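Now for the letters of each chain:
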Amino acid sequence: MTDDVKITNRGWESQDHASEMKSELLELNMGPQHPATHGVLRLLLQTDGEIVYKVTPVVGYLHRCTEKIAEGVDYKQWIVYTDRFDYLAPVTNNHAYVTAVEKLADLAVPERAEHLRIVTAELSRIASHLIALATFGLDMGAWTPLLYCFREREEILNLLERIAGGRMLYNYMVPGGVRYDVPKDNWVADVLEFVTMLENKKLPDYNTLLTYNKIFIERTSDVGIISKETAFDYGCTGPVLRGSGVKFDCRRDDPYSLYDRFDFEIPVGMGEMGTVGDCWDRYIVRVREIEQSCRIIRQALETLPEGPYGTLELKKPVKVPAGAAYSRTEAAKGEMGHYIIADGGAKPFRNKVRSCSFCNLQVVEKVGVGLMVSDLVALVGSLDIVLGEIDR
Amino acid sequence: MDLLLETLSKIGFMFALIMGMVVVLIWMERKGAAFIQDRTGPNRAAIGGVRLAGLVHPIADVFKLLFKEDVAPEDRHRGLYNLAPWIVMTIALSTYAVIPFGDHLTVAGKQIPLVVADLNVGLLYILAVAGLGTYGVVMGGWAANNKFGFLGAIRATSQMISYEISMGLALMGLVMVFGSLQLTEIVAGQGDLLFGFLPRWGVVVQPLGFVIFITAVYAETNRTPFDLPESDSEIVAGYHLEYSSMKFALFFMAEYAHMVIGAALIATFYFGGFQIPWLPRPVLEAHAGTLLTIKLVGVLVASLAIAALFMRRVRNERNKFGDARDREPVLGVAFWLVLAAGAAGGLLMGPWNIGPVGADLMATFFQVTAFTVKLVFFAWLFIWVRWTLPRFRYDQLMYLGWKVMIPLGLANLVVTALVMAFV
């Protein structure tokens, strides 16, 4: 046993008899096939029984060379690949990419299209957050919220299917607008009805079942605390950063699309059940963000203007002049950035994606030390990572 | 010879009850989970088109597990690896030996107590045997040579040992009240009335003890919120991770057998066992004829009503599936009509006048039914809790066991002693 390692947050200190007793650390391979790693993530653990001494995330099992592919396809063809980053909230990925292309090509987007983008992106965000709550609950051993959240997500998938045609990968946004207009079968009213149902009926259900459950609070409060400084150091964004008490949201602080027109709040972790930045704070931030997304959707649909939903002909490629542009948007899991270098041709010279889960995951290496194996599961669950986005 | 036959038949009855309950519980778990989680649950397995609302699934499971390849890790400890599931299952089954499931049955003028072994230290036997189950779990986790299994085994050991103590402390309060370690005595003591109207059940005289005991039982059976040894999201499946085929099935069945024990113990110690409140044995025997008549009328009405429901399905869904499943409502009508005919036949034979032998038989029947109903209810409680709550963490579990439940158990003992001394 290494004597210099001291575990203090459980009152567990390296003791004198440890040097007499011959003991060694247990090497534990969590993943790539493990129910709590949310995909093909591998966590290489060194534990002393249940207490984690060292945790090394090993990524790359889902690498698909997407960024390299971008150099070989034209600007519009690559939209389908963005769907596959964060496959739980694909529309927000589209949003990040098309904003970058529009910046480069200096394209104007009609207002109706912007409204539709916001509505679908927020629906996608809700779907992603629902899965985050569901799988986090499952990591804590609560099965039933999983099924409930998936039931509500199903409704969102149905709504998005009606407007975009797909159920999982939508390919909905194109530079200069969106691909399809609102369907004629009462879609707007159905979305509003769903949003009201979610806010008034389902979220209180989840809160009573999971959020304020005593065991759940015991398991998640004061566990895996990410301080403000750590969050900054590791470049955490999204609910992870906000859970640490930092009021930062690209939608408000670096507004894109029409987000500056809508009225919404940015929930932050306040340490209600323990310390600021613990797992419960990150969880509750997501619950409250669902409420705020509902507010945004309602405002965007109530002020949905008439007019065109796209400026370009769908079949024509986008003309992009030489130059470089970076756009950042608030995806469901954090800040999604696209840096595109264009050389004036039909294809980009380079396309770099800044994915939120990749940065958020790195924090495990620091915060995971000294936790118990169960707490590590809670920590990874509360970060809400998607491997499709980490490995791209 | 008589004693041997008697004991063997009682063991057979108990074994059939437990294994039947295991099958029913697996079904109840699936359907209950489906009910709680707003979905349909299993309904695919069928025999000749009859699906029995998913009851065929446990049978299909058994066949699947029997014929499945037994994959085992190469570097296992062969002896212990093979032994572990048998230990778990045997221990789970042997606890039932002392649980009374009825008062007595008169056969050929001889009163037979309805308990396999009426030990005068039955309660100690239960505590001793329940603790032995840990060995199977530890062996299983260790012998498979898997790190997750190993962690699961450690968790299981520490958890079961810590909760044994609070379980014993909770039961001691009960022993003080009823003044016996014999389970039949404890159950007999719960047949009385308190203040003339309240059944003198364990839960009434030992409310705190009941809370401690039920928590400890949940921890002993490794059910949520105490399912740490097999927590699927942390250590995958814990101690039975490397088991497959029928060896896994033994662990799986043992879990449900433990649930049945847990439910039986809760019913026996705190809910009067086979006692029906306000209907003690003499009253049951005196009114056996009336009760049987009421029962037969009830069965007749209920089965006719269900047959009518099936009849509607026959009319409305004649070709719903276009395959063997369409036979299901027809067979349903037939089954319930046969049951109704049986009940009607029973009524024609004049059940209100059944004589002393019949009265004895009926009284026993009602008591065994009461026991089974309580058993099923507490088994359902296990399922209900499992699909509602998250699970604890290792250290929280230990904290709860040692720092909360043991002091509470001691306080319960002191309070019980004071009340008994001064009231």
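These lines cover the structure that appears in this document, whether it is placed above or below. (Residues numbered from 1 in each chain as written. Chains lettered and ligands numbered in written order. Predicted model: local features only at pLDDT ≥ 70, side-chain atom pairs only at ≥ 80, totals over all residues. Heavy atoms only, no water.)

1. Some points on the overall build of chain A
Now for step 1: Broken down by element type, chain A carries 15 helices and eight strands.
Now for step 2: Relative to its length of 392 residues, chain A is compact, with a C-alpha radius of gyration of 22 Å against a globular reference of 21 Å.
Now for step 3: Counting only C-alpha atoms and orienting by the principal axes, one finds that chain A spans roughly 75 × 50 × 35 Å.
Now for step 4: The burial tally for chain A puts 59% of its 392 residues in the buried class.
Now for step 5: Looking at chain A as shown, the accessible area adds up to about 14,800 Å², and 53% of this sits on carbon and sulfur atoms.
Now for step 6: Of note, chain A has its 45 positive side-chain charges centred 5 Å away from the centre of its 56 negative side-chain charges. (Helix = DSSP H or I, 4+ residues; strand = E, 2+ residues; numbered from the N terminus. Rg over C-alpha atoms; globule rule 2.2 N^0.38 Å. Buried < 20%, exposed > 50% of the residue type's maximum accessible area, 1.4 Å probe, protein only. Areas by Shrake-Rupley, 256 points an atom, 1.4 Å probe, with all protein chains shown as cover. Lys, Arg positive; Asp, Glu negative; His and termini not counted. Charge placed at Lys NZ, Arg CZ, Asp CG, Glu CD.)

2. Structural notes on the overall build of chain B
Now for step 1: Secondary structure assignment for chain B yields 14 helices and four strands.
Now for step 2: Taken over the C-alpha atoms alone, chain B extends approximately 70 × 65 × 50 Å along its principal axes.
Now for step 3: Partitioning the contacts of chain B with sequence separation of at least 6, the portion at a separation of at least 24 is 79%.
Now for step 4: As displayed, chain B has an accessible area near 19,000 Å², and 73% of this comes from carbon and sulfur atoms. (Contact = heavy atoms within 4.5 Å.)

3. Here's the deal with the environment of E291 of chain A
Residues and elements named next belong to chain A.
Now for step 1: Relative to the helices and strands, E291 resides in helix α12 (residues 279-302).
Now for step 2: Given the relative accessible area of 31%, E291 is considered partly exposed.
Now for step 3: Sequence separation between E291 and K333 is 42 residues, and the spatial gap between their C-alpha atoms is 16 Å.
Now for step 4: In contact with E291, not counting residues within four places along its chain, are E199 and L203.

4. Considerations on the side chain of N207 of chain A
All names here are of chain A.
Now for step 1: Among the structural elements, N207 can be located in helix α7 (residues 187-211).
Now for step 2: You can call N207 buried: its relative accessible area is 16%.
Now for step 3: The contacts of N207, once residues within four sequence positions are left out, are Y212 and V287.

5. Some words on the layout of surface pockets
Residue and element names in this part refer to chain B.
Now for step 1: What the largest pocket holds in volume is close to 530 Å³.
Now for step 2: Together, 23 residues line the largest pocket, and E230, F252, Y256, R386 and W387 are the ones closest to its centre.
Now for step 3: The set of elements that each furnish at least two residues to the lining of the largest pocket consists of α1 (2-36) and α9 (245-270).
Now for step 4: Residue composition of the lining of the largest pocket, by class: 11 nonpolar, three polar and nine charged. (1 Å grid on protein atoms, 1.4 Å probe; cavity = no way out; pocket = protein on both sides within 12 Å on 5 of 7 lines; lining within 4 Å. Points joined across faces, edges and corners; volume = space filled by probe spheres on them. Nonpolar A, V, L, I, M, F, W, Y, C, P; charged D, E, K, R; others polar.)

6. Things to note about the nonpolar core
Now for step 1: Ranked by internal contacts, the top residues of the largest apolar core, which has 177 residues, are L123 and W187 of chain A together with L25, F213, I266, F269 and Y270 of chain B.
Now for step 2: Ranked by the residues each element gives to this core, the list is headed by α9 of chain B, at 16 residues.
Now for step 3: Apart from residues no more than four positions distant in its own chain, L25 of chain B is found in contact with Y256, M259, V260, A379 and I383 of chain B.
Now for step 4: Grouped together as the second largest cluster of nonpolar side chains are 32 residues, V52, V246 and L383 of chain A together with I235 of chain B included. (Core = buried A, V, L, I, M, F, W, Y, C linked by side-chain atoms within 4.5 Å.)

7. So, the state of the cysteines
In protein structure, a disulfide is the covalent linkage between the sulfur atoms of two cysteines.
All names here are of chain A.
Now for step 1: A full pass over the atoms with the stated rule returns zero disulfides over all chains.
Now for step 2: This cysteine, C279, is not joined by any disulfide, and C236 carries the nearest cysteine sulfur, 13 Å off.
Now for step 3: For the unlinked cysteine C294, the closest cysteine sulfur is that of C149, found at 13 Å.
Now for step 4: According to the relative accessible area criterion, C294 is buried, its value standing at 0%. (Disulfide = S-S within 2.5 Å.)

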